[in-house]
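# A look at the structure
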Amino acid sequence: MNPALVKIDPDWREALLHEFQAPYFDEISSRIKNRVSEGKTIYPSGNLIFNAYNLTKPDQIKIVIIGQDPYHNPGEAMGLSFSVPKGVSIPPSLKNVYKELASDVHFVHPGHGDLTSWTQQGVFLLNAILTVEKNSAGSHRDVGWQVFTDATIKYLSDHRRDLVFMLWGNFAKNKKQLIDLSKHLVLESAHPSPLAGNAFQGCGHFSKANQYLISKNITPINWQI
């Protein structure tokens, strides 16, 4: 695929140019187009597939929070892991994230689930799989996105220093192998999904991340939305 045709931030386009030019990236596009032609509804909409990349440039990133794939219900997916647009009901996993934020950093529930303000401070909200079919979680795990997002994580690990990677649940923890632990902080916990019970609660990731950033003379994140 011609990289110039991909609606993604120019800095990211340059950083991941090899990926855009690789044959597998054309295959991703073809597979998605085929599913659309079969009548499948794909989330998020095309202009939001690379929303995480477009909102946070590679040299601005401080924290990476890795999700699995987009929300699959109508109106929820916005190209940012765990985030939903204002006016949309807050999903159970995000409710548990808010619960942990409240106990960890005295977060006050904002009444919505839009995490865009985090991205503007350097929080990269990356889903490992960038698209999904309506009402079918994990339906694009075989499309090829993980090759691209793994390359993204590896790029950040190799070209940046002192990042915080939050790995929630076994799926995200498998990305640890892509990260240089001598240069970055990796925080691991159970997934915030209710399916994990209350195992996510008490992880303290948000305060730990800020403590690490401060220790590196990096401005911490204001988690309040």
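Note that the structure is a prediction, hence the values are computed from the model and not measured. (Residues numbered from 1 in each chain as written. Predicted model: local features only at pLDDT ≥ 70, side-chain atom pairs only at ≥ 80, totals over all residues. Heavy atoms only, no water.)

### Focus: the side chain of D162
Among the secondary structure elements, D162 is positioned in the loop between helix 7 (145-159) and strand 5 (164-168). At 4.0 Å, K216 is the nearest oppositely charged side chain to D162, a buried residue that forms no salt bridge. Among the polar contacts listed, one links the side chain of D162 to the side chain of Y212, at a separation of 3.5 Å. Here D162 is in contact with K62, K183, H184, Y212, L213, K216 and I218, once residues within four sequence places are set aside. (Helix = DSSP H or I, 4+ residues; strand = E, 2+ residues; numbered from the N terminus. Buried < 20%, exposed > 50% of the residue type's maximum accessible area, 1.4 Å probe, protein only. Lys, Arg positive; Asp, Glu negative; His and termini not counted. Salt bridge = Lys/Arg side-chain N within 4 Å of Asp/Glu carboxyl O. Polar contact = N/O pair within 3.5 Å; in protein donor to acceptor, adjacent residues only side chain to side chain. Contact = heavy atoms within 4.5 Å.)

### Looking at helix 9 (residues 205-215)
Those residues of helix 9 lying buried are H205, F206, S207, A209, N210, Y212 and L213. On its buried face, helix 9 sits against strand 2 (63-67), helix 5 (92-105), helix 6 (116-119), strand 5 and strand 6 (185-189). Looking one or two places after helix 9, you find N217, whose phi comes out positive at around 60°.

### Considering the packing of helix 5 against helix 9
It is at 8 Å that the axes of helix 5 and helix 9 come closest, and there the two elements cross at 55°. Relative to helix 9, the element helix 5 is oriented oblique. Contacts between helix 5 and helix 9 involve V97, E100, L101, D104 and V105 from the first element and H205, F206 and S207 from the second. Here the residues of the contact of helix 5 with helix 9 are counted per class, giving four nonpolar, two polar and two charged. (Axes fitted to C-alpha atoms, helices over the stretch in contact; angles between N-to-C directions. Parallel < 35°, antiparallel > 145°, perpendicular 65-115°, else oblique. Nonpolar A, V, L, I, M, F, W, Y, C, P; charged D, E, K, R; others polar.)

### Examining the environment of S103
Within the element layout of this structure, S103 appears in helix 5. Owing to a relative accessible area of 54%, S103 belongs among the exposed residues under this scheme. The spatial distance from the C-alpha of S103 to the C-alpha of W118 is 18 Å, given a sequence separation of 15 residues. For S103, the side chain forms a polar contact with the main-chain oxygen of E100, separated by 3.1 Å.

### Quick look at the pattern of salt bridges
Any two side chains of opposite charge can pair if their charged atoms end up close together. All chains considered together, the criterion is met by eight salt bridges. Between K57 and D9 there is a salt bridge; the shortest N-O distance is 2.6 Å. A residue pair is termed long-range when its members are at least 10 positions apart, and K57 in the loop between helix 4 (51-55) and strand 2 and D9 in the segment before helix 1 (10-15) qualify at 48 residues. By relative accessible area, which is 27% here, K57 ends up partly exposed. Relative accessible area serves as the criterion here: at 8%, D9 is assigned to the buried category. In this structure, D150 and K175 form a salt bridge, with 2.8 Å as the shortest nitrogen-oxygen distance. Of this pair, D150 sits in helix 7 while K175 sits in the loop between helix 8 (169-173) and strand 6; the two residues are 25 residues apart in sequence, bridging distant segments of the chain. Among the residues examined, D150 registers a relative accessible area of 23% and is labelled partly exposed. One network of salt bridges, in which partners are shared, links D9, D11 and K57.

### A short note on the confidence of the model for the protein chain
In this model, the protein chain carries a mean pLDDT of 95, and residues with pLDDT of at least 70 account for 97%. Long-range and interchain partners of residues 1-5, a stretch whose pLDDT sits below 50, account for ten contacts in this model, where long-range means more than four residues apart. (pLDDT = per-residue confidence, 0-100.)

### Some points on the pairing of strand 3 (residues 123-127)
Taken across its five residues, strand 3 has five buried, putting it largely inside the fold. Neither face of strand 3 is exposed, since V123, L125 and N127 on one face and F124 and L126 on the opposite face are all buried. In this structure, strand 2 lies alongside strand 3, joined through five bridges in parallel fashion. Residue pairing in the sheet places I66 in a bridge with L126 of strand 3. (Pairing = 2+ DSSP bridges.)

### Here we look at helix 5
With 14 residues, helix 5 extends 20 Å between its outermost C-alpha atoms, agreeing within 8% with the 20 Å of an ideal straight helix rising 1.5 Å per residue. All buried positions along helix 5 are accounted for by S93, L94, N96, V97, Y98, E100, L101 and D104. One or two positions beyond helix 5, positive phi appears at H106, with a value near 60°. (Expected span 1.5 Å × (residues − 1).)

### A closer look at the environment of L187
Note that L187 resides in strand 6. Since its relative accessible area comes to 9%, L187 is described here as buried. Separated by 15 residues in the primary sequence, L187 and G202 have C-alpha atoms spaced 13 Å apart. In this view, L187 contacts V164, F165, M166, L167, H205, K208 and A209; residues no more than four positions away in its chain are not counted.

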